[in-house]
Amino acid sequence: MRIVTLGVMLSLVLAAPAGAASAAEAGPTGTSARAGDVITLAESQRRAVPRLVVTKRVAGLSKPWDVKSLPGGRLLVTERDTARLIVAGKRGGKRVVRFPSRRVWRSGETGLMSLEVDPRFRSNRRFYTCSGGFLAGGGHDVRVNVWRLNKKMTRAAFVRKLIGGLPTTSGRHGGCRLLITRDGSMLVGTGDAAVGTNPRNLDSLGGKTLRLNRVTGRPWPTNKYSGSDRPRRFVHTFGHRNVQGLAQRRDGSLWSAEHGSSRDDEINRLVNGGDYGWNPVPGYDESVPMTDQSLPGRQIAAKWRSGDPTIATSGAAFVQGRRWGALNGALAVAALKASRMLFLTFDSRGNLVRKRVPAALTRYGRLRSVTVAPNGDLLVTTDGDDRTGLVLRVRPAR
């Protein structure tokens, strides 16, 4: 005889729309109890979708692009169009850091974009930005720079350019997401600059993910072409349109979120040397498939696609911790156009198990970046302009 405790009933209640999407979007419900199982209250709570609590951590921002945690509970924030670097205090106040904004080239989708904070920040005070830049002979590129923040967190000093020469034209498809992986490498997601030949040209750094040493700027030794003396030595994956999010799962696998054309935003699991199939030629033909399986060689299919229309997937991060219940281990993906957040659960082989869209995160407009705070909460930037942008803190209700 099957014995079902109060925990089962509570699980059904907690998985209701207050913390999840509609049944059509929620997907499979997972493994059910078997005959003879006793499901305890604690087990049912872990399987339930928690109610999410959203608070405004920082307000009064203009197009905040990225946010990262600093020691002492402070936050570091970039604003794309103003090219301002901001430190937010533990209690919500903020100040603009002395930073050479005039050295950042700003146009269209490109400006001061992604951030990463060095794992050894307490001792070396280093952080990284990905931004537009000015070339010495005229023109522009997208680049990754290294900075040092003083102890008072009032001034950023330039250390060096880690890598440059990422292509740009009008500023469209600037890409520019950074991720320091657990082995210490720097992963850089780039856009194709709306040039059709860039994604499959291995010696263009556009439409790629790049992997390099975050200290020296040298190509990461496991890159497929690391022994080359050409730009391809930095290439980790290619055939991308506009990489907007990067994340690493607990199992060590690397994932990206990518803007589609008129259809098919993508979530991809990144495989070293992999071809992800974007080839919009001749010209810049956006009617071609995001993953064109008719190309020579093997193209790696997306693990999730938006279909038609796109939702403009942006930043992404894996959620960890039992207090997240059924969302534990899911990939949280911000969406700009759709003004929501997806929680996508994949199995160990990378196959999609379910999708949830919490109503609590559909009320703040366009969502840009997702970062995991030291305590496991999520930090989310909104895309508001004219001082309407926010940093949100998202946590499961206790």
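Okay, so let's go over this structure. Every chain is numbered on its own, with residues counted from 1 as its sequence reads. Reporting in this predicted model follows two pLDDT cut-offs: at least 70 for local features of residues, and 80 or more for side-chain atom pairs to be given and counted; totals over whole chains, interfaces and linings ignore these cut-offs and use all residues. Side-chain figures throughout are based on the complete set of non-hydrogen atoms in the structure, without hydrogens or water.

**Topic: the overall build of the chain**
The condition is simple: Only DSSP runs of H or I covering at least 4 residues are called helices, and only runs of E covering at least 2 are called strands; the numbering of each starts at the N terminus. Exposure categories follow from relative accessible area, calculated using a 1.4 Å probe and restricted to protein chains: below 20% of the type maximum is buried, above 50% is exposed, and the middle band is partly exposed. Any two residues whose heavy atoms approach within 4.5 Å are treated as being in contact. Here, Shrake-Rupley sampling with a 1.4 Å probe gives the accessible areas, and only protein chains in the shown set may cover a residue.
In terms of helices and strands, the chain carries 4 helices and 26 strands. By residue count, 57% of the 398 residues in the chain fall in the buried class. A separation threshold of at least 6 residues defines the contact pool for the chain, and within that pool the share at least 24 residues apart is 59%. By element, 50% of the accessible surface of the chain is carried by carbon and sulfur atoms, the whole surface being about 16800 Å².

**Overview of the sheet that holds strand E22 (residues 340–346)**
Condition: Pairing between strands requires that DSSP locate at least two bridges from one strand to the other. To define axes, lines are fitted to C-alpha atoms, for helices over the stretch in contact only, and angles between the resulting N-to-C directions are given on a 0 to 180 degree scale.
Pairing within the open sheet is antiparallel, and its 4 strands lie in the order E20-E21-E22-E23. Sheet topology places strand E20 (313–318) and strand E23 (352–356) at the edges, where each strand pairs with a single neighbour. For this sheet, the mean inter-axis angle between neighbouring strands, taken without regard to orientation, is 25°. When strand E21 (residues 331–335) meets E22, the two strands line up antiparallel, connected through 5 bridges. Bridging from a neighbouring strand, Ala332 pairs with Phe343 of E22.

**A short note on the pairing of strand E8 (residues 112–117)**
The buried count for E8 comes to 6 of 6 residues, which makes it a mostly enclosed element. Bridge count between E8 and strand E9 (residues 126–134): 4 bridges; the pairing is antiparallel. Note on E9: the bridge partner recorded for Val117 is Phe127.

**Focus on the environment of Val104**
If you trace the backbone, Val104 turns up in the loop between strand E7 (94–96) and E8. Exposure remark for Val104: the relative accessible area of 5% places this residue in the buried category. A C-alpha to C-alpha distance of 7.2 Å links Val104 and Phe134, two positions 30 residues apart in sequence. Leave out the neighbours within four places in its chain, and Val104 touches Ala83, Phe99, Gly111, Leu112, Ser131, Gly132 and Phe134.

**Let's talk about the packing of aromatic side chains**
Rules: Stacked, tilted and edge-to-face are the three classes applied to pairs of Phe, Tyr and Trp rings, where Trp contributes its six-membered ring and a pair requires centres within 6.5 Å; stacked means planes under 30 degrees apart, edge-to-face means over 60, and tilted covers the rest. Criterion for a charge above a ring: Arg CZ or Lys NZ at most 6 Å from the ring centre, at most 35 degrees from the ring normal.
Enumeration over the complete set of coordinates arrives at 6 aromatic pairs. Their ring planes at 75° and their centres at 5.8 Å tell us that Trp255 and Phe318 sit as a pair that is edge-to-face. Highlighted residues: Trp255 in strand E17 (residues 254–258) and Phe318 in strand E20, separated in sequence by 63 residues. Like Trp255, the residue Phe318 is buried in the burial classification. Judged by centre distance (6.2 Å) and plane angle (80°), the ring pair of Trp278 and Tyr284 falls under edge-to-face. Put simply, the rings of Phe99, Trp147 and Phe158 pair up and form one aromatic cluster. Directly above the aromatic system of Phe158 lies the positively charged group of Arg103, at a separation of 4.6 Å from the ring centroid. Above the ring of Tyr225, the side-chain terminus of Arg232 is found at 5.9 Å from the ring centroid.

**Some words on the nonpolar core**
The line we're drawing: As used here, the term nonpolar core means buried Ala, Val, Leu, Ile, Met, Phe, Trp, Tyr and Cys residues forming a set that is joined through side-chain atoms within 4.5 Å.
Core analysis: the biggest nonpolar cluster contains 23 residues, and Ile163, Met186, Val188, Leu210 and Leu212 have the highest contact counts within it. Of all the secondary structure elements, the ones that give two or more residues to this core are E9, strand E10 (140–149), strand E11 (156–166), strand E12 (177–180), strand E13 (185–189), strand E14 (208–213) and strand E15 (235–238). Those residues in contact with Ile163 that lie beyond four places of it in its chain are Arg143, Val144, Leu205, Leu210, Leu212 and Phe234. Counting residues in each nonpolar core, the second largest holds 22 residues, with Leu52, Val54, Ala326 and Leu378 among its members.

**Quick look at the sheet that holds E12**
In space, the 4 strands of this open sheet follow the order E12-E13-E14-E15, with antiparallel pairing throughout. In this open sheet, the two strands that pair with only one neighbour each are E12 and E15. Neighbouring strand axes in the sheet, compared pairwise and without regard to direction, differ in orientation by 15° on average. In terms of strand pairing, E12 meets E13 through 4 bridges, oriented antiparallel. Paired with Leu178 across the two strands is Val188, which belongs to E13.

**With respect to the environment of Pro119**
Counting through the fold element by element, Pro119 comes out in the loop between E8 and helix H4 (121–124). You can call Pro119 exposed: its relative accessible area is 59%. Sequence separation of Pro119 and Ile180 is 61 residues, and the distance between their C-alpha atoms is 8.3 Å. Contact partners of Pro119, with chain neighbours within four places excluded, come to Ile180 and Arg214.

**Concerning the side chain of Thr181**
Spelled out, the test is: Each polar contact in these results corresponds to two N or O atoms within 3.5 Å; when the atoms are within protein, one needs to be able to donate a hydrogen and the other to accept it, and residues that are neighboring in sequence are counted only if both atoms are side-chain atoms.
As for its position among the elements, Thr181 is in the loop between E12 and E13. There is a polar contact of 2.4 Å between the side chain of Thr181 and the side chain of Asp183. Looking at Thr181, its side chain comes within polar contact range of the side chain of Ser185, at 2.6 Å. Residues in contact with Thr181, not counting those within four places in the same chain, are Leu187, Arg211, Gln248 and Leu254.

**Brief notes about the state of the cysteines**
Selection criterion: Put simply, a disulfide is two cysteine sulfurs that come within 2.5 Å.
For the structure on display, the rule yields 1 disulfide. Residue pairing for Cys130: its cysteine sulfur links by disulfide to Cys176, the two sulfurs lying 2.0 Å apart. An S-S torsion of about -105° defines the bridge between Cys130 and Cys176 as left-handed. Note that Cys130 is positioned in strand E9 and Cys176 in the loop between E11 and E12, a separation of 46 residues in sequence. Residue classification places Cys130 among the buried positions, given a relative accessible area of 0%.

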